[in-house]
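Listed here are the chains, written in short residue letters.
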Amino acid sequence: MRFSQPHALALVDVDGDGLKDIITGKRYWAHNGHDPNERDPRVIYWFKTQRDKKGGVSFVPHLMDSASGVGTQLTTGDVNGDGLVDVVIGNKAGCYVLVQKREQVEAARYAQFQPRKIYGPDSLRSEAYVVGQSAADAVKNMVVPEGFKVDLIAAEPDLVQPIAMCWDERGRIWWWRGTPTPSQRSRVRAGTASSSLKTWTAMAALRPGRCLWKSSTS
C-alpha cells in the first residue's frame, strides 16, 4: 500500500466493534501535478483498529475505493438510513458517496480479501524483488469478482516478454512476444534494428475440463 497527499482524515467506528477506526486516502491533483505520485489511483482506505492483550495497537488497511480519493475534507454519516457508516467526498475529480454494504461470504472468499503484510518474517525480502513471484503464486494472490476464477495456461519459459494477445474465431490465443539478442538491442539503440520476434500460439480444445496446448514459432 502506498499513496501520497492524505489531506483529509476521519475517526469513526466503521465496523461497529466499539473502536474508532481511521479513514483517509489520496487527494487528487492536490497541487496541480507538482506532487509525488500525482497520477496514481485515487484510493481511499479505512484502517481497522485492533488492540492486543499487551496494550499494543495495529491499524489494518482495507481498500474502500480506487477511483475517488479524498479532498481537503471528508464527511462520514449514515446516508441511506441503514445504520452503517458511509462516506461523502468532494475533490478535483468530482463528488462521491461511498455507501457501506455488508454480505455473508464463504471463509475462503473472506480470506482472499484480507490485507497482507509487506513487512515482518513473512514478507518478500528486497533482494528477491528481481526474481518476483512464480506464475502459480501470482495466480493465488489475484483477487477476482465472485464467480470468476483464474487458470494458468502459459508461463516462462514457454512465454517470455509478451507484448500483445488476442483470440481468434477457433478459440485459440495468439501472443506476440519479443526476444531480442544483445546485438539486436545495440542495433535498436543505433536506430537500425531488424525485428526477429516470435509468436506463441496456444490452441485450446473448447471442451469442459480439457485443454490442449501447442507452441510454434514463425
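It should be noted that the structure appears before, not after, this text.
The shown structure was predicted, so the numbers you read here are calculated from the model rather than taken from an experiment. (Residues numbered from 1 in each chain as written. Predicted model: local features only at pLDDT ≥ 70, side-chain atom pairs only at ≥ 80, totals over all residues. Heavy atoms only, no water.)

Novice: Is there a simple way to explain the overall build of the protein chain in this structure?
Specialist: In terms of regular secondary structure, the protein chain is built from 3 helices and 10 strands. Secondary structure elements of the protein chain occur, N-terminal to C-terminal, as β-β-β-β-β-β-β-α-α-β-β-α-β. Looking at the 218 residues of the protein chain, the share that counts as buried comes to 25%. Counting contacts in the protein chain only where the partners sit at least 6 residues apart, residues at least 24 apart contribute 37% of the total. (Helix = DSSP H or I, 4+ residues; strand = E, 2+ residues; numbered from the N terminus. Buried < 20%, exposed > 50% of the residue type's maximum accessible area, 1.4 Å probe, protein only. Contact = heavy atoms within 4.5 Å.)

Novice: Would you mind going over the pattern of salt bridges with me for this structure?
Specialist: Oppositely charged side chains may form a pair once their charged atoms are brought near each other. One pass over the structure, following the stated rule, counts 4 salt bridges. Here K48 and D15 are joined by a salt bridge, their closest N and O atoms 2.4 Å apart. With K48 in strand β3 (residues 44–51) and D15 in the loop between β1 (9–12) and β2 (21–25), this residue pair connects regions lying 33 residues apart in the sequence. D15 sits in the partly exposed class, given a relative accessible area of 22%. Connected through shared salt-bridge partners, D15, D17 and K48 make up one network. (Salt bridge = Lys/Arg side-chain N within 4 Å of Asp/Glu carboxyl O.)

Novice: What is the right way to read the sheet that holds strand β6 (residues 86–91) from this model?
Specialist: Two modes of strand pairing occur in sheets, parallel and antiparallel, and in both the strands are linked by backbone hydrogen bonds. Here 3 strands make up an open sheet; going across it, the order is β5-β6-β7 and the pairing antiparallel. The sheet is open, and its two edges are formed by β5 (74–77) and β7 (94–98), each paired on a single side. On average, each strand axis in the sheet is tilted by 15° relative to the strand beside it, whichever way the strands run. In the sheet, β6 pairs with β7 via 5 bridges, with the strands oriented antiparallel. Within the sheet, the bridge partner assigned to N91 lies in β7 and is G94. (Pairing = 2+ DSSP bridges. Axes fitted to C-alpha atoms, helices over the stretch in contact; angles between N-to-C directions.)

Novice: Sorry, what's going on with the packing of aromatic side chains here?
Specialist: Between two aromatic rings, the relevant description is the distance of the centres plus the angle of the planes. What the rule picks out here adds up to 3 aromatic pairs. Between the aromatic rings of F3 and Y45, the centroid separation amounts to 5.7 Å while the plane-to-plane angle is 10°, which identifies the pairing as stacked. Residue F3 is found in the segment before β1, and its partner Y45 is found in strand β3; the two are separated by 42 residues along the sequence. The buried category is assigned to Y45, whose relative accessible area is 13%. Between Y45 and F47, the aromatic rings sit 6.0 Å apart at their centres with planes inclined by 40°, giving tilted as the arrangement. Assigned by exposure class, Y45 and F47 land together as buried. Stacked on the ring of Y28, the Lys or Arg R42 has its end atom at 5.1 Å from the ring centre. (Phe/Tyr/Trp six-rings, centres within 6.5 Å; stacked < 30°, edge-to-face > 60°. Lys NZ or Arg CZ within 6 Å of the ring centre and 35° of its normal.)

Novice: I'm lost on the side chain of S68 in this one. Help?
Specialist: Summarising the element assignment, S68 is placed in the loop between β4 (57–65) and β5. Only 2.7 Å separates the side chain of S68 from the side chain of D65, close enough to count as a polar contact. Here S68 is in contact with R42, I44, I89, N91, Y96 and L98, once residues within four sequence places are set aside. (Polar contact = N/O pair within 3.5 Å; in protein donor to acceptor, adjacent residues only side chain to side chain.)

Novice: Any chance you could explain the side chain of Q5 here in plain terms?
Specialist: Looking at the element boundaries, Q5 is found in the segment before β1. Here K26 takes part through its side chain, which lies 3.0 Å from a polar atom of the side chain of Q5. Sequence-distant contacts of Q5, defined by excluding residues within four places in its chain, comprise G25, K26, R27, A30, D35, P36, E38 and V70.

Novice: I would appreciate a short explanation of the pairing of strand β9 (residues 173–177) in the present structure.
Specialist: In summary, the side chains of a regular strand alternate between the two faces of the sheet. Burial along β9 is one-sided: I173, W175 and R177 are buried, and none of W174 and W176, which face the opposite way, are. Sheet topology places strand β8 (residues 162–167) next to β9; 5 bridges connect them, and they run antiparallel. What sits directly across from M165, in β9, is W175.

Novice: How should I be thinking about the sheet that holds β2 in this particular structure?
Specialist: Strand order in the open sheet formed by 4 strands is β1-β2-β3-β4, and the pairing between neighbours is antiparallel. Every interior strand has two partners, whereas the edge strands, β1 and β4, have only one. The sheet shows a mean angle of 25° between the axes of neighbouring strands, direction not considered. As paired strands, β2 and β3 are joined by 4 bridges and run antiparallel to one another. When the bridges of β3 are listed, I23 appears paired with W46.

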